[in-house]
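Descriptive structure summary
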Amino acid sequence: MYLNRVYIDPYSEPPSQLRVVFDDIDFLMLIDINDDKTWPYRVEASEFERLGLEEIPDPVILITPEPNSKSEKARDRAFQTLLPLLDDYTELFDKRSRNKRIKALLDSVGGSRLYITRQLRRYWQRGMTPDALTPNYKNCGAPGKERRNTTSKLGRKRTITSGEGTVITDEIAEIFRLAIESFYLIRDDIFLSKARIKAIGLIKSRHPEVSSENLPTMRQFRYFFEKNYSKPDVVKARTSSIEYEKDIAPLKSTSVANNFGPGARYEIDATIADIYLISELDPNRIIGRPIIYKVKDVFSRMTVGLYVGLENPSWATASVALANAFCDKVEYCRRYGIEISYDDWPSVGTPATITADRGELLGKHGDILVNRFGITLSNTRAYRGNDKGVVEKSFDMMHVDILPYVQGKVEPLNGKKKAGKRNELSANLTLFDFTKMVIISEINRNTTVPLEKYDFEFDMPTDLPPIPVRLWHWGISNRTGVLREVDQKLTAINLLPHGRATVSTLGICFKGLYYTCSEAVSLGWFHKNKASKRPKSITVAYNTLDTNILYVRPDRQFDSVWVCSLQSRSRRYQDMSLIEAMTIQKESKGTIAKAKQEADYKAPDVQGELEKIALLGKNRQKNADLTNDSQRLKGIRDNRQGEKELERQKDRDSDKKQSSKGKRATVTPIHSENSSDQGFDFPDLDDF
């Protein structure tokens, strides 16, 4: 009942700590655990209870030695030495019997009496187990204390280098710290050996008389560094705070831990794909690398929205991905020749929270998400891509799926050129082809590929595989329920990027493309009559992937939309993306500008010829003998008729000359019997 318990005796001075080493019905055997000369003494059980000593936690912390260590060998030796004495345990409490048994043990095994008595006392004082005999080697020497008051160098002596070396005094230690903390720890491109050189320079500046034999060695400097600076602290000091928190600091939780179910939080981000594409209109044109936007559900890891195009990351492209995330994906996949069912991609509706980079969801478009759909917007910290770890990692997985099968992929900076050619030249996929590959990859990962290291909640069944679509269905049924659905068409239009278009008699002009709609026609916006009223500019919503449709927003209401179609005057840009249309416009403007340059270059020559002809007429007028003005004005009609006859005669003479140069063809008359000569003179234009 009391065996091996420790009590404090408040009646002694100072208060002693007593351990019960034997427990009997009538008495107890106690020993002071802090006295290195004491032995167990007897206390009656009734007296022990009367004293009312306070039990305390065992102050002795036993250490189990490492296997095959020096401590283990010392422990085993001590225990094996005491083992014969422990056979009749109670006899050891009597001094005479104890001495007799110790003497008998010494006669049989030899050794020192002091060693046996010390180990027996340690056995009782430290808990009466084999580990109680483990030596406290950790207390040897002066652990943690600097030895600066020495006159000779510590450590082993030199065997190759001449001299004895230097003693690491407080001054030398201060110089070491200065070189490490002000030079090595603040720069990640400095080696420790360079910091030692900096320390040697400081020592020489303070003690110019120091010899080369008395400089600190690299071993001394490294020992000081490793002893006083822990590796985690060194890594943290030599790394920027942003990089440390993002790439090095230990993880404190997971993404799923803070998201209850599907739709609790979506993450959206963009990247530049590691592949070059070619134009659908001209395979000879390389159009660069596409932009990919992804929207990921954090709970299920499902890709719920996509955008693949050439527009730079912005709200204009992010809105297309968000509209895709909120709406049904069956029709979206069908446009690329992929047939799926609703259950293959069931993410339809708005989430509770969207996490994105700061710049993408600022402004009035972000207000639509908050005020119209009740979505909470969450922005990531600057330079902290790990705040969106789910969507960031998914881009790597997409490249793993697609890049092994394509040409024109981006190689590492130190990668070799294939066959001496640039990798861009081997590109053979169009934007349509690559988009289809991305969709197939995402559907496969959504419906087939199990997630690695997914952290399940405690209530998830064991037969639930970590496949995104299975996790989504389970979460919808057991956690969040069906997401709030929205009008897909109006939602997509309101999430599209907005801009300003001009109105003229030619139509609604946006980015150089002309559109028309029945509402604008009925209001007379395109009439040529100046009295008809039309606005100079209007707000429109546009889809960067489709030039065929434009949406006029007559007011700020969510459901106010006029659908406009592309006019025939802009038919050149039909069935293409906005970036392709703008590219063609840019190339056309370049062609026209070049033609204007050539025209401007030839214009002086034309001008010179015209001026020369005009001067010739002017000189002719000066040399002619002219009648008076009235006679000249009266003869205009007759002069015109005469000049006309003269011009006709010149044409007849010219035709005769041309026919005489060539061989005449044989003419076979159709009506040879009634043939007669007919005149084929030029008709008089006045007859008409």
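First, a word on scope: everything that follows refers to the structure included in this document. (Residues numbered from 1 in each chain as written. Predicted model: local features only at pLDDT ≥ 70, side-chain atom pairs only at ≥ 80, totals over all residues. Heavy atoms only, no water.)

1. Here's the deal with the pattern of salt bridges
Tallying each qualifying case throughout the model produces 18 salt bridges. Here E267 makes a salt bridge to R265, at a shortest N to O gap of 3.1 Å. What makes R265 buried here is its relative accessible area of 17%. Notably, a salt bridge pairs R334 with E331, separated by 2.9 Å at the nearest N-O pair. (Salt bridge = Lys/Arg side-chain N within 4 Å of Asp/Glu carboxyl O. Buried < 20%, exposed > 50% of the residue type's maximum accessible area, 1.4 Å probe, protein only.)

2. Notes on the sheet that holds strand β10 (residues 303-309)
What holds strands together in a sheet is hydrogen bonding between their backbones, with the strands either parallel or antiparallel. With mixed pairing, five strands are arranged side by side in an open sheet as β10-β9-β6-β11-β12. Of all strands in the sheet, those bounded by a partner on one side alone are β10 and β12 (376-379). If you compare each strand with its neighbour and ignore which way they point, the axes differ by 20° on average. The pairing of strand β11 (residues 353-356) with β12 spans four bridges and is classified as parallel. Bridged to T353 within β12 is T376. Against the sheet, helix α13 (residues 389-402) makes contact with β6 (266-272) and β9 (291-297), and its axis sits at roughly 45° relative to β6, the strand it touches most. (Pairing = 2+ DSSP bridges. Helix = DSSP H or I, 4+ residues; strand = E, 2+ residues; numbered from the N terminus. Axes fitted to C-alpha atoms, helices over the stretch in contact; angles between N-to-C directions. Contact = heavy atoms within 4.5 Å.)

3. Some words on the nonpolar core
Soluble globular proteins: nonpolar side chains tend toward being buried together. Within the largest apolar cluster, 63 residues are counted, with the highest numbers of intra-cluster contacts made by I268, L322, F326, L369, F434 and I439. At eight residues, the largest contribution of residues to this core is made by helix α10 (residues 315-326). Ranked by size, the runner-up nonpolar core spans 23 residues in total, among them F510, L513, L550 and L566. (Core = buried A, V, L, I, M, F, W, Y, C linked by side-chain atoms within 4.5 Å.)

4. Structural notes on the state of the cysteines
One pass over the structure, following the stated rule, counts zero disulfides. Just so you know, C564 is unpaired, no disulfide at all, and the nearest cysteine sulfur is the one on C517, 3.5 Å from it. Given a relative accessible area of 0%, C564 falls into the buried group. (Disulfide = S-S within 2.5 Å.)

5. Thoughts on the packing of helix α5 (residues 170-184) against helix α6 (residues 192-206)
The interhelical angle for the contact between α5 and α6, taken along N-to-C directions, is 130°, at an axis separation of 9 Å. When the interaxial angle is binned, α5 and α6 end up oblique. Pair α5 / α6 crosses with right-handed handedness. Each of E171, I172, E174, I175, F176, L178, A179, F183 and Y184 in α5 lies in contact with α6, whose residues at this interface are L192, K194, A195, K198, A199, L202, I203 and R206. For the contact of α5 with α6, the per-class residue count stands at 12 nonpolar, no polar and five charged. (Parallel < 35°, antiparallel > 145°, perpendicular 65-115°, else oblique. Left-handed = near helix turned anticlockwise from the far one by under 90°. Nonpolar A, V, L, I, M, F, W, Y, C, P; charged D, E, K, R; others polar.)

6. Describing unusual backbone geometry
Across residues other than glycine, the phi torsion is negative in most instances, and most of the peptide bonds are trans. Between E13 and the following residue, P14, the backbone shows a cis peptide bond with an omega angle of -5°. As for its placement among the helices and strands, P14 is situated in the loop between β1 (6-9) and β2 (16-23). Despite not being glycine, N4 shows a phi value in the positive range, around 70°. Of note, N4 is situated in the segment before β1. The phi torsion at R301 lies on the positive side, around 65°, for a residue other than glycine. In this structure, R301 sits in the loop between β9 and β10.

7. A word on the pairing of strand β18 (residues 562-566)
Direction of pairing for strand β15 (residues 513-516) relative to β18: antiparallel, over a ladder of two bridges. Residue T516 lies in a different strand from β18, and its bridge partner there is S565. For strand β17 (residues 546-552) and β18, the ladder comprises four bridges, and the chain directions are antiparallel. Counted as the bridge partner of V552 is W562 from β18.

8. Here's the deal with the sheet that holds β2
Spatial strand order, β4-β3-β2-β1-β5: five strands in an open sheet with antiparallel pairing. One side of each edge strand has no neighbouring strand; the edge strands of this open sheet are β4 (41-44) and β5 (54-56). Taken pair by pair, the neighbouring strands of this sheet meet at an average axis angle of 45°, ignoring direction. Across three bridges, the pairing between β1 and β5 is antiparallel. The residue of β5 that forms the bridge with V6 is I56. Helix-sheet contacts for helix α4 (residues 113-125) involve β2 and β3 (27-32), and the interaxial angle to β3 is about 115°.

9. Some remarks on the packing of helix α3 (residues 95-109) against α4
Where α3 contacts α4, the two axes come as close as 10 Å, and the packing angle between them is 125°. It follows from the interaxial angle that α3 and α4 lie oblique. Considering the relative orientation of α3 and α4, their crossing is right-handed. Side by side, α3 and α4 meet where R98, N99, I102, L105 and L106 of the first sit next to R113, I116, T117 and L120 of the second. Of the residues belonging to the contact of α3 with α4, the class tally is five nonpolar, two polar and two charged.

10. Quick look at the pairing of strand β13 (residues 498-504)
Side chains G499, A501 and V503 of β13 all project onto a buried face; the interleaved residues H498, R500, T502 and S504 project onto a face where none is buried. The pairing of β13 with strand β16 (residues 537-543) spans five bridges and is classified as antiparallel. Paired with A501 across the bridge in β16 is I538. Where β13 meets strand β14 (residues 507-510), three bridges bridge the pair, whose relative direction is antiparallel. Looking at β14, one finds that V503 is bridged to I508. Between β13 and β14, which pair antiparallel one after the other, the connecting turn spans two residues.

11. So, the side chain of K329
Structurally, the position occupied by K329 is in the loop between α10 and α11 (330-334). The charged side chain of K329 is buried without a salt bridge, its nearest counter-charge being D328 at 6.4 Å. Of note is the side chain of K329, whose polar atom sits 3.0 Å from the backbone oxygen of V304. Separated by 3.1 Å, the side chain of K329 and the backbone oxygen of N324 make a polar contact. Those residues within four positions of K329 in sequence are excluded, and the remaining contacts are V304, N324, I340, W345 and S347. (Lys, Arg positive; Asp, Glu negative; His and termini not counted. Polar contact = N/O pair within 3.5 Å; in protein donor to acceptor, adjacent residues only side chain to side chain.)

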